[in-house]
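Overview (structure and organization)
Take a look at the letters that make up each chain.
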Amino acid sequence: MAASRYNSNDLRRQVGSPRSKGRDTKDTLCRNVVIYGHCRYMDTTCNFNHDQNKPASGPSDFLSKKSFNADSPSFTPSGQNLGQAKKTTLSSQAANAAPFTPRGVTASTQQNADLTMFNPAGAREFTPSGNTQNYELGNSNMGNGAAQDNGVFSDPFAMNSMAPALANNAPFNPYAGDPSAVSGAGAGFYSSGGAYASVPMQQPNYHLYQPYDAYRGELQPWQRSTYDYFIPAAMREEIQKKMFATQHTMPGLPKLENYHSLFSLDTSHRKNTACFGYHSWVYKAQKVTTGLHYVLRRLEGYRLSNDQSVMSVMRDWKNVRHENIVSFHETFTSQNFGDSSLIFVYDWHPLAKTLAEQHFSSPLGNSRQRYPAVPEGILWSYVCQIASALYYLHNKNLAARCLDLSKILVTEKSRVRLGSCAILDVVQYDNNCPVQELQGEDLVKFGKVILCLATGMPPNLLQSSNTKAALDSLVKYSRSLRDALQFLLSPVAPNGQPHTIAHFLTMIAPQLAQQANNTLRENDEQQYWLAREIENGRIARNVMKLSAILERGDLGSQSNWSEVGDRFQLKLFRDYVFHRVDASGKPDLGLGHMLSCMSKLDAGVDEQIMLTSRDNETVFVITYRELRAMFERAFNELMKFSKSPGL
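These figures come from a predicted structure and were not determined experimentally. (Residues numbered from 1 in each chain as written. Predicted model: local features only at pLDDT ≥ 70, side-chain atom pairs only at ≥ 80, totals over all residues. Heavy atoms only, no water.)

**Here's the deal with the side chain of T455**
This is how it is decided: What counts as a helix is a DSSP run of H or I of at least four residues, what counts as a strand is a run of E of at least two, and both are numbered from the N terminus. Accessibility here uses a 1.4 Å probe with only protein chains present; expressed as a share of the type maximum, an area under 20% marks a residue as buried, one over 50% as exposed, and anything in between as partly exposed. Within 3.5 Å is the distance limit for a polar contact, defined as a pair of N or O atoms, with the added protein rule that one can donate a hydrogen and the other accept it, and that residues adjacent in sequence qualify only through two side-chain atoms. Contact criterion: two residues are considered in contact whenever any of their non-hydrogen atoms come within 4.5 Å of each other.
Tracing the chain through its elements places T455 in helix α11 (residues 435-455). Taking the relative accessible area as the measure of exposure, T455 reaches 8% and is therefore buried. One polar contact links the side chain of T455 to the main-chain carbonyl oxygen of L451, over a distance of 2.8 Å. Setting aside residues up to four positions removed in sequence, T455 forms contacts with R370, Y371, A470, S473 and L474.

**Observations regarding the sheet that holds strand β9 (residues 408-410)**
As a reminder, the rule being used: Two strands are said to pair when DSSP picks up at least two bridges between them.
Taken in spatial order, the 3 strands make up an open sheet running β8-β9-β10, and their pairing is antiparallel. Every other strand in the sheet has two partners, leaving β8 (353-354) and β10 (416-418) as the edge strands with one partner each. Of the strand pairs in this sheet, β8 and β9 are connected by 2 bridges, and their pairing is antiparallel. Pairing of K353 across the sheet is with V410, part of β9.

**Quick notes on the confidence of the model for the chain**
Stated precisely, the cut-off is as follows: Confidence of the prediction at every residue is given by pLDDT, a number between 0 and 100.
This prediction gives the chain a mean pLDDT of 75; 68% of its residues lie at or above 70. Of all helices and strands in the chain, the one with the weakest mean pLDDT is helix α5 (residues 163-166) (44), whereas β10 scores best (96). Confidence drops under pLDDT 50 across residues 56-67; counting only partners more than four residues distant or on other chains, this segment forms 17 contacts. Within the model, pLDDT remains below 50 along residues 129-171, and this stretch shows 54 contacts once partners closer than five positions in the same chain are excluded.

**Considering the nonpolar core**
Note the following rule: Side-chain atoms within 4.5 Å link the members of a nonpolar core, which is a set of buried Ala, Val, Leu, Ile, Met, Phe, Trp, Tyr and Cys residues.
Within the largest apolar cluster, 68 residues are counted, with the highest numbers of intra-cluster contacts made by W317, L355, L418, F446, L453 and F504. For this core, the element with the most residues is helix α9 (residues 376-395), which contributes 9 residues. In this view, F504 contacts V383, A387, F446, A484, F487 and L488; residues no more than four positions away in its chain are not counted. Counting residues in hydrophobic clusters, the runner-up holds 25 residues, among them L572, M594, L595 and I622.

**Some points on the UniProt feature "binding site: ATP" (unreviewed entry) in the chain**
Here is the rule we go by: UniProt positions are given in the numbering used here, feature names are shortened, and annotations may be inferred rather than shown by experiment.
According to UniProt, the "binding site: ATP" (unreviewed entry) feature falls on R297, S406 and K407. Spanning 111 residues, the named residues form one tight spatial group whose C-alpha atoms are at most 13.3 Å apart. Here R297 shows up in strand β5 (residues 293-299). Here R297 falls in the buried class, since its relative accessible area comes to 12%. Contacts of R297, omitting those with residues within four sequence positions, involve F276, S280, W281, V282, L342, I343, F344, Y346, K407, S420 and I423. Reaching out from R297, the side chain makes a polar contact with the side chain of S280 at a distance of 3.2 Å. What makes K407 buried here is its relative accessible area of 9%. Setting aside chain neighbours within four positions, we find K407 in contact with C275, F276, R297, C402, R417, L418, G419 and S420.

**Observations concerning the pattern of salt bridges**
Inclusion rule: Throughout this description, the term salt bridge denotes a Lys or Arg side-chain nitrogen within 4 Å of a carboxyl oxygen of Asp or Glu.
Applying the stated criterion across every chain, the model contains 20 salt bridges. Taking the shortest distance from any N to any O, the salt bridge between R614 and D575 comes out at 3.0 Å. One end of the pair, R614, is in the loop between β11 (608-612) and β12 (619-623); the other, D575, is in helix α17 (residues 566-578), and 39 residues separate them in sequence. The partner of E607 in a salt bridge is K600, with the nearest N and O atoms 2.8 Å apart. Assessed through its relative accessible area of 36%, E607 is described here as partly exposed. The class for K600 is partly exposed, based on a relative accessible area of 25%. One network of salt bridges, with partners in common, ties together E551, E563, K571, R574, D575 and R614.

**Section: α11**
Quick reminder of the rule: One less than the residue count of a helix, multiplied by 1.5 Å, gives the span that helix is expected to have.
When the terminal C-alpha atoms of α11 are compared, their 30 Å separation across 21 residues agrees well with the 30 Å that a helix rising 1.5 Å per residue should span. Just past α11, the residue G456 takes up positive phi, approximately 75°.

**Thoughts on the packing of α11 against helix α14 (residues 479-489)**
When two helices pack together, you describe them by how their axes are tilted relative to each other and by the distance separating the axes. Put simply, the rule reads: Where helices are involved, their axes are fitted lines through C-alpha atoms of the stretch in contact, as for all axes, and angles between N-to-C directions lie from 0 to 180°. Angles are sorted into four bins: roughly parallel if under 35 degrees, roughly antiparallel if over 145, roughly perpendicular if 65 to 115, and oblique for all others. Helix crossings fall into two classes, left-handed where the near helix is turned counterclockwise from the far one by less than a right angle and right-handed where it is turned clockwise. Under the convention adopted here, Pro, Cys and the residues Ala, Val, Leu, Ile, Met, Phe, Trp and Tyr are nonpolar, Asp, Glu, Lys and Arg are charged, and Gly plus all remaining residues are polar.
The interhelical angle for the contact between α11 and α14, taken along N-to-C directions, is 140°, at an axis separation of 7 Å. In this view, α11 runs oblique relative to α14, as classed from their interaxial angle. Crossing of α11 against α14: the hand is left-handed. Between α11 and α14, the residues in contact are L443, V444, F446, G447, K448, I450 and L451 and L485, L488 and L489, respectively. Looking at the contact of α11 with α14 residue by residue, the class counts come to 8 nonpolar, 1 polar and 1 charged.

**Comments concerning the packing of α17 against helix α18 (residues 591-603)**
Packing of α17 against α18 leaves a shortest axis separation of 8 Å and a crossing angle of 145°. Mapping the contact onto sequence places F573, Y576, V577 and F578 in α17 and H593, M594, C597, M598 and L601 in α18.

**A word on the sheet that holds β5**
What the 5 strands build is an open sheet, ordered β3-β4-β5-β7-β6; its pairing is antiparallel. Single-partner strands in this sheet number two, and they are β3 (259-264) and β6 (328-334). Sheet twist, expressed as the average angle between the axes of neighbouring strands with direction ignored, equals 30°.

So, in structure tokens, the structure goes:
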């Protein structure tokens, strides 16, 4: 397609100006019409042609067309050689380009489309994993699609290919700050050799339905909400969490001679030899003979050279029973972890945390930072309990020795227990250190533990600082607490006599009395809720008995046993208690009525009630005492045909 070039002089000859006069302009197209599409002088002074459809002669044919056209001339500046004007043509690539096809074209037009258009038949079919494609986690070449930024491709049709990657996930550990990332660096802190598959643990969903107690201002003094009949929701949830933690197991851990169902309690895979001189790991296990749960403290790579040391320690520590000491049961050696291990067995306290985890746990893992100081009331509680435990041990001519933030457990609220006792007595049996000297070291370690909690400094920071400066910084605490810490950190009195735990207890006698009072108050509260649960337990027992009697059908040779005799009146009583309706016929689910009726049945009171059948044709007026007698007779008759013990 070629287009002629014309210079500006040619355009002036063919396109006239409205102000041109003195010449024939009727066949010349007005320049304003060409440029602007109209001419404002067409009805007055302009003598040029304003009709664009009128044919023109000569090179002005292009003016009869629209301004934007393939045949429109291109502008050529004056001064160039017009005789040498060359013609331009479209390139071969542009000539072969696919034509534009608007929407709504006919089928015949679509069939003539160029091959460069998208063809669904030519698209590669999706190939699931198992053939040549690889959809494993972390694979950057995904085949069917672009690579993901995070290296994870979620293919719902190939979940089996993700099993090898998921098998390395860390098992759930409720004791860790991040329960799903406990063993990140692998199974190295278990025994060598052996794959430890992850456990598909799932948190119980009781916390998703945690009730809120009714606002007391909306209730009258004699009214009760539903949850007033049961233990507090927080206490119930805490007990359920402990039960759930007791049931955790971890497949892949070895089974010992007398213990099975091991579960790792370590919240970090880092090895530490600071306390015992050996790498140690902690497990929960269940004893084969009794079914009770215990904690196993394992010393990795320990070779027992003196059996007498173990026998001596077991004889001294097996009879230690104190409420602030984790009880020791036995010790034995094992080769089941792939090395020579020495294992100590202690009582199991579910969901217990160490003082370090309770007060010095950092989400960033920075061991050089300072933490908030512990309130004085909690500090006095710790001081009194640890002092009581040390007094008990020192009177038995023993020493705790392992007084460390990572070995003192916090079980409930502010309840502390000394853990890992007796281990150093075995490991360092040949040191022959006097017991009095070890007891003096207990007091100094005790003081450093409390000083760490009071200043908010981890042990590594406290060791590098001045102890006296740390004591002087405790200006916000009472004088009695600072004097107690000064006493513990000074192993010798000014008169040259060594400090003892008995002297320390005399010094803190007022705080001991206050802690005893707090303990008795908590005990009274526990007794109150325990008494309430005993009543609820009796009601639940009677409900189970009643359900076992009713709707049973035949019993022995008697057909339709639960529908005749005393059982029929018990059935009407069941409807009276649980199937009541209001005046509009809607179910009445008042919990107070149910609990009241079942409590009166259990007590057998002389109060009369009216029982009515569902067809309103049978009515009984009967007392709870009579119902109680019928209830016992029916259940005793049922037990005659049962081989299992009764409720």
